[in-house]
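A look at the structure
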Amino acid sequence: MSAMKVALTIAGSDSCGGAGIQADLKTFAALGVYGMSVITAVTAQNTTGVVSVRELDAEIIRDQIDCLFKDIKIDAVKIGMVSSAEIIDVIGERLRAHRARHIVVDPVMVSKSGCHLLRPESREELVKVLFPIAEVVTPNLFEAGVITGMKIENLSQMEEAAVRIHELGAKNVVVKGGHLTGEAVDVLYDGECFRHLRGRRIETKNTHGTGCTFSSAIAAYLADGHPVSEAVRRAKEYITGAIEHSFSLGRGVGPTDHFYLYRREGSSHG
Ligand SMILES: Nc1ncnc2c1ncn2[C@@H]1O[C@H](COP(=O)(O)OP(=O)(O)OP(=O)(O)O)[C@@H](O)[C@H]1O
Ligand SMILES: Cc1ncc(CO)c(N)n1
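Note that the coordinates shown come from a computational prediction; the quantities given were computed from them, not determined experimentally. Here the residue numbers are simple positions, counted from 1 along each chain's written sequence. Starting at A for chains and at 1 for ligands, labels are handed out in the order in which the entities are written. Totals for whole chains, interfaces and linings use all residues, but because this is a predicted model, local features are given only for residues with pLDDT of at least 70 and pairs of side-chain atoms are given and counted only at 80 or more. As a rule here, side-chain values come from all non-hydrogen atoms in the structure, and water together with hydrogens is ignored.

Moving on, we come to the site of ligand 1. Any residue with a heavy atom positioned within 4 Å of a molecule or strand is treated as near that molecule or strand. The environment of ligand 1 is formed by 16 residues, the closest being Lys-112, Lys-176, His-179, Asp-186 and Thr-210. Within the side chain of Asn-140, an N or O atom sits 2.9 Å from an oxygen atom of ligand 1. Each polar contact in these results corresponds to two N or O atoms within 3.5 Å; when the atoms are within protein, one needs to be able to donate a hydrogen and the other to accept it, and residues that are neighboring in sequence are counted only if both atoms are side-chain atoms. Note that an oxygen atom of ligand 1 is positioned 2.8 Å from one of the side-chain N or O atoms of Thr-210. Burial of ligand 1 by the protein chains amounts to 94% of its free accessible area of 620 Å². Under the scheme used here, helices are H or I runs from DSSP no shorter than 4 residues and strands are E runs no shorter than 2 residues, and both carry numbers assigned from the N terminus. Sorting the residues of the shell around ligand 1 by element identifies strand S8 (184–189), helix H7 (210–223) and helix H8 (228–244) as the ones contributing at least two each. The greatest single-element share of the shell around ligand 1, amounting to 3 residues, is contributed by H8. Three residue categories are used. Nonpolar comprises Ala, Val, Leu, Ile, Met, Phe, Trp, Tyr, Cys and Pro, charged comprises Asp, Glu, Lys and Arg, and polar comprises the others, including Gly. Looking at the shell around ligand 1 residue by residue, the class counts come to 4 nonpolar, 6 polar and 6 charged. The method behind every accessible area is Shrake-Rupley, applied with a 1.4 Å probe, and residues are considered shielded solely by the protein chains displayed.

Have a look at this one:
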């Protein structure tokens, strides 16, 4: 039997379990990869929004990263909510020191409910420190707009944004079209070619954590040894199914079903 593959998520905790660390670990488990976590911040959050945020200090974040890399071979890393420039700097410095491979950066800025998960004054630091070590970055339309200063409303603007973000140091860029209307199309750019990742749009309000789930699925497939284009294609298929099986929970935006591949007739929440 081949060795178990290992993926690490460096992200914030979402108390309601649909996004952040919790979504990432569920995704790793669903895709057959052993999951580990470095928590950057704790959010008090439910399906209606984020109530409060506490950042962890840089020292405990550094210790979490160091003790894992010193002990365990890590096949891929996903980075989500990083909150502040100080946290970004310690993550960048330690991942470089450990020569971490297959890094996926989801440049999380604002929650669906509008709460800042990254201090706005730290946005430039995220791009400067984490994009050059990323194998894949996965901005949504809002994030791609902030990073490039562009207004992005269609596929050709998504392509142009992907080129500009590639110039900032990311090897591969996926600009996500989840917030457009019509087909859910994402654009992958590897510095040479564009690939359009097409998915049917699912009419649902329950899309809590879609971005987290998508980026951690890419990391899981990279950990498994797939090339970037194949990892992204498979992750797109997985997130589309997870959204299709999303469900209502609480009074707001419900989560996707990470484990839809395993549910048998009659055993799901319907
Ligand atoms: N209603 C939908 N139907 C089908 N696919 C969708 C839908 N909404 C989002 N997606 C897909 O889900 C993935 C995540 O994209 P999205 O734009 O939602 O990320 P995000 O805004 O970063 O998420 P989050 O708010 O969790 O940070 C993309 O592949 C996108 O195309
Ligand atoms: C902790 C956390 N990370 C990411 C997201 C995605 O928006 C969220 N809602 N919460």
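Core analysis: the largest hydrophobic core is formed by 46 residues, its most contacted members being Val-77, Ile-79, Ile-91, Leu-95 and Leu-130. Contacts between residues were defined by any pair of non-hydrogen atoms, one from each residue, lying within 4.5 Å. Sequence-distant contacts of Val-77, that is, excluding residues within four places in its chain, are made with Leu-8, Ile-10, Phe-69, Leu-95, Ala-100, Arg-101, His-102, Ile-103, Val-104 and Ala-219. Buried residues of nine kinds, namely Ala, Val, Leu, Ile, Met, Phe, Trp, Tyr and Cys, make up a nonpolar core once their side-chain atoms join them within 4.5 Å. Only protein chains enter the accessibility calculation, which uses a 1.4 Å probe; a residue whose area is less than 20% of its type maximum is buried, one above 50% is exposed, and one in between is partly exposed. Counting 28 residues, the second largest nonpolar core, distinct from the first, contains Val-33, Ile-218, Ala-235 and Ile-239.

Moving on, we come to the environment of Ala-19. Relative to the helices and strands, Ala-19 resides in the loop between strand S1 (6–14) and helix H1 (20–30). Ala-19 sits 193 residues away from Cys-212 along the chain, and the two C-alpha atoms are 5.9 Å apart. Apart from the residues within four sequence positions on either side, Ala-19 is in contact with Asp-14, His-208, Gly-209 and Cys-212.

What follows deals with the site of ligand 2. The local shell around ligand 2 consists of Gly-12, Ser-13, Ala-19, Gly-20, Thr-43, Gln-45, Met-81, Ser-111, Leu-117 and Cys-212. Between ligand 2 and the protein, one listed contact pairs a nitrogen atom with a side-chain N or O atom of Gln-45 at 2.9 Å. Coverage of ligand 2 by the protein chains reaches 90% of its 290 Å² of free accessible surface. Elements represented by at least two residues in the shell around ligand 2 include exactly S1 and strand S2 (34–46). Looking at side-chain class alone, the shell around ligand 2 contains 4 nonpolar, 6 polar and no charged residues.

With 6 of 8 residues buried, helix H4 (residues 123–130) is to be regarded as a mostly interior element. Where the residues of H4 are buried, they touch strand S4 (76–79), helix H3 (85–97), strand S5 (103–105) and helix H5 (141–148).

Looking now at the environment of Ser-84. For Ser-84, the position within the fold is in the loop between S4 and H3. The sequence separation of Ser-84 and Glu-121 amounts to 37 residues, and the corresponding C-alpha distance is 8.4 Å. Ignoring sequence-local partners within four residues, the contact set of Ser-84 consists of Glu-55, Leu-118, Arg-119 and Ser-122.

Hydrogen bonds between backbone atoms are what pair the strands of a sheet, whose relative direction is either parallel or antiparallel. Pairing within the open sheet is mixed, and its 9 strands lie in the order S3-S2-S1-S4-S5-S6-S7-S8-S9. Both edges of this open sheet fall to strand S3 (49–55) and strand S9 (194–199), since each of them pairs with a single strand only. Any two strands are treated as partners once DSSP identifies two or more bridges connecting them. For strand S7 (residues 172–175) and S8, the ladder comprises 3 bridges, and the chain directions are antiparallel. Paired with Val-175 across the bridge in S8 is Val-187. Helix axes are fitted to C-alpha atoms over the stretch in contact, other axes to C-alpha atoms as well, and angles between N-to-C directions run from 0 to 180 degrees. In the packing of H1 onto the sheet, the strands contacted are S1, S2 and S4, and the crossing angle to S1 comes to about 150 degrees.

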